[in-house]
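Chain by chain, the residues:
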Amino acid sequence: MPWTRKHLVDIESLSAEEIVTVLDTARAFKAVGERAIKKVPALRGKTVVNLFVEPSTRTRISFELAEQRLSADVINFSAEGSSFKKGETLKDTALNLQALNADFIVIRHSASGAPHFLSRVLSASVINAGDGAHEHPTQALLDAFTIREQKGKIEGLNVTILGDILYSRVARSNIWALTKLGAKVTLCGPSTLVPRVFEQMGCRVTYNVEEAIREADIIHLLRIQHERQRKTMFASINEYTTLFGLNKARLAKTKPDALIMHPGPINRGVEIDSDIADGDRSLILDQVTNGLAVRMAVLFLVNGGGEIGGKAECRMQNEEVPSQSV
Ligand code: CP
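Summarised in this report is the structure supplied together with it. (Residues numbered from 1 in each chain as written. Predicted model: local features only at pLDDT ≥ 70, side-chain atom pairs only at ≥ 80, totals over all residues. Heavy atoms only, no water.)

Quick look at the overall build of the chain now. Scanning the chain for helices and strands turns up eleven helices and eleven strands. For the C-alpha atoms alone, the extent of the chain along its principal axes is close to 55 × 50 × 35 Å. Residue burial in the chain is summarised as follows: out of 326 residues, 56% are buried. Taking the intrachain contacts of the chain between residues at least 6 apart in sequence as the baseline, contacts between residues at least 24 apart amount to 72%. Approximately 13,800 Å² of the chain is accessible, and the part contributed by carbon and sulfur atoms is 50%. Averaging the positions of the 40 positive and the 38 negative side-chain charges in the chain gives two centres separated by 2 Å. (Helix = DSSP H or I, 4+ residues; strand = E, 2+ residues; numbered from the N terminus. Buried < 20%, exposed > 50% of the residue type's maximum accessible area, 1.4 Å probe, protein only. Contact = heavy atoms within 4.5 Å. Areas by Shrake-Rupley, 256 points an atom, 1.4 Å probe, with all protein chains shown as cover. Lys, Arg positive; Asp, Glu negative; His and termini not counted. Charge placed at Lys NZ, Arg CZ, Asp CG, Glu CD.)

Near the ligand the following residues occur: S56, T57, R58, T59, R108, H136, Q139, P263 and G264. Note that an oxygen atom of the ligand is positioned 2.8 Å from one of the backbone N or O atoms of T57. A distance of 3.3 Å separates a nitrogen atom of the ligand from a polar atom in the backbone of G264. Summarising the interface, the protein chains cover 91% of the accessible area of the ligand, which totals 260 Å² for the free molecule. Judged by the proximity of its atoms to the pocket grid, the ligand belongs to the largest pocket. Across the shell around the ligand, the residue classes break down as one nonpolar, six polar and two charged. (Near = heavy atom within 4 Å. Polar contact = N/O pair within 3.5 Å; in protein donor to acceptor, adjacent residues only side chain to side chain. 1 Å grid on protein atoms, 1.4 Å probe; cavity = no way out; pocket = protein on both sides within 12 Å on 5 of 7 lines; lining within 4 Å. Sits in = over half its atoms within 2 Å of the grid points. Nonpolar A, V, L, I, M, F, W, Y, C, P; charged D, E, K, R; others polar.)

This part covers the packing of helix α1 (residues 16–32) against helix α5 (residues 137–151). Orientation of α1 relative to α5, taken along the N-to-C sense of each, is 70°, at an axis distance of 10 Å. Between α1 and α5, the crossing angle belongs to the class labelled roughly perpendicular. For the pair α1 and α5, the contacting residues are I19, V20, V22, L23, D24, A26, R27 and K30 in the first and L141, A144, F145, R148 and E149 in the second. Partitioned by chemical class, the residues of the contact of α1 with α5 number eight nonpolar, no polar and five charged. (Axes fitted to C-alpha atoms, helices over the stretch in contact; angles between N-to-C directions. Parallel < 35°, antiparallel > 145°, perpendicular 65-115°, else oblique.)

Turning to the packing of aromatic side chains, a few remarks are in order. Tallied over the full model, the rule gives three aromatic pairs. With centroids separated by 5.7 Å and ring planes inclined at 85°, the aromatic side chains of F77 and F84 adopt a geometry described as edge-to-face. F84 sits in the buried class, given a relative accessible area of 18%. Between Y240 and F244, the ring centres sit 5.6 Å apart and the planes meet at 35°, which makes this aromatic pair tilted. With Y240 and F244 both in helix α8 (residues 237–244) and four residues apart, this pair spans about one turn of that helix. Under the relative-accessibility criterion, Y240 is labelled buried at 2%. (Phe/Tyr/Trp six-rings, centres within 6.5 Å; stacked < 30°, edge-to-face > 60°.)

Let's shift gears to the environment of K85. Among the secondary structure elements, K85 is positioned in the loop between β2 (73–78) and α3 (90–99). Apart from residues lying up to four places away in sequence, K85 is in contact with A79 and E80. Within polar-contact distance, the side chain of K85 engages the side chain of E80 at 3.2 Å.

Taking strand neighbours across the sheet as the criterion, the four strands line up as β2-β1-β3-β4 in an open arrangement whose pairing is parallel. The open sheet is flanked by β2 and β4 (125–131), the only strands paired with a single partner. Averaged over neighbouring strand pairs, the angle between their axes works out to 15° when direction is ignored. Sitting on the sheet, α3 touches β1 (47–52), β2 and β3 (104–109), and the angle it makes with β1 is about 160°. (Pairing = 2+ DSSP bridges.)

Okay, the layout of surface pockets next. Roughly 340 Å³ of internal volume is contained in the largest pocket. What lines the largest pocket is a set of 20 residues, among which R108, R169, R223, G264 and P265 lie closest to the centre. The set of elements that each furnish at least two residues to the lining of the largest pocket consists of α2 (58–69) and α6 (169–180). Residues belonging to the lining of the largest pocket are distributed by class as follows: five nonpolar, eight polar and seven charged. Considering the residues around the second largest pocket, the lining is formed by 16 residues, among which I266, A277, S282, I284 and L285 are closest to the centre. Top element by residues in the lining of the second largest pocket is helix α11 (residues 284–302). It accounts for four residues. (Points joined across faces, edges and corners; volume = space filled by probe spheres on them.)

Orientation of α5 relative to α6, taken along the N-to-C sense of each, is 50°, at an axis distance of 8 Å. As judged from the angle between their axes, α5 and α6 are oblique. Remark: the crossing between α5 and α6 carries right-handed chirality. Counting all contacts with α5, which are made through P137, Q139, A140, D143 and I147, the residues of α6 involved are V170, S173, N174, A177 and L178. Of the residues contributing to the contact of α5 with α6, the split by class is six nonpolar, three polar and one charged. (Left-handed = near helix turned anticlockwise from the far one by under 90°.)

Right, here's the structure in full:
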């Protein structure tokens, strides 16, 4: 399916076919990343500004590397040390970046809707790198890519998302992506952080962690988003860990091929035991690796796609995949 979007601001508005287009394109870019020469000229002459107004490690660095691999000129903007501190608005900041011929703005912001707002006022392409508790579309795309790579499919899988769903943009984007792709999504966590209203997004909600993980093919853990919670949503971290943390005893009651995911940053000993985070069923670092290919694919597609030269061999763990020209 051809990609026609200029912006990537959410998963909610994407069709299943558009999501699959990103995943297929990312598969080709992952193969490019395994070549001796990893750089391609797709964004040569284009300028990308990474406008991060909230902290980030994985998303910021993998966008920056993706842009460099695509041969773009890259500018990293951080709120600290900028004229945000003098009261300049987001709109004026973005218009100034555009006046410097920015072709793409990759934005992370604490305000839900900030990328959508910029996409309406700028002629540059806008990519959402996480907006408040709303969406984190490239995280969901890299998560879907990782699941498909490991399991060979997404349709029909049981995916349990465990933790702070209410304040999680990762949860919302994953719910949209996984349900569109045919997975059966279960949400679990303290009732204050997993309101039943999420059932309206096509998920099952349960507050019994053992039941939530028993039949799961994928257990996707989320950290407690203290920075967004406006009041205490559970008694204590210790209580959360006791009731919902993934430990050895709980892992022993899951399917032997159930795999563990987490978008990071992880809180070792809170939502996940260290042994599990570092264990052979953990996909946490595979997710980070795949983020690079997915972000290259997104930038490539919003730039209009096309042929960028070279043949890439693409293989998934459990699937024969034909080669794709990228
Ligand atoms: N997963 C994620 O968004 O991590 P960062 O906040 O470090 O970018």
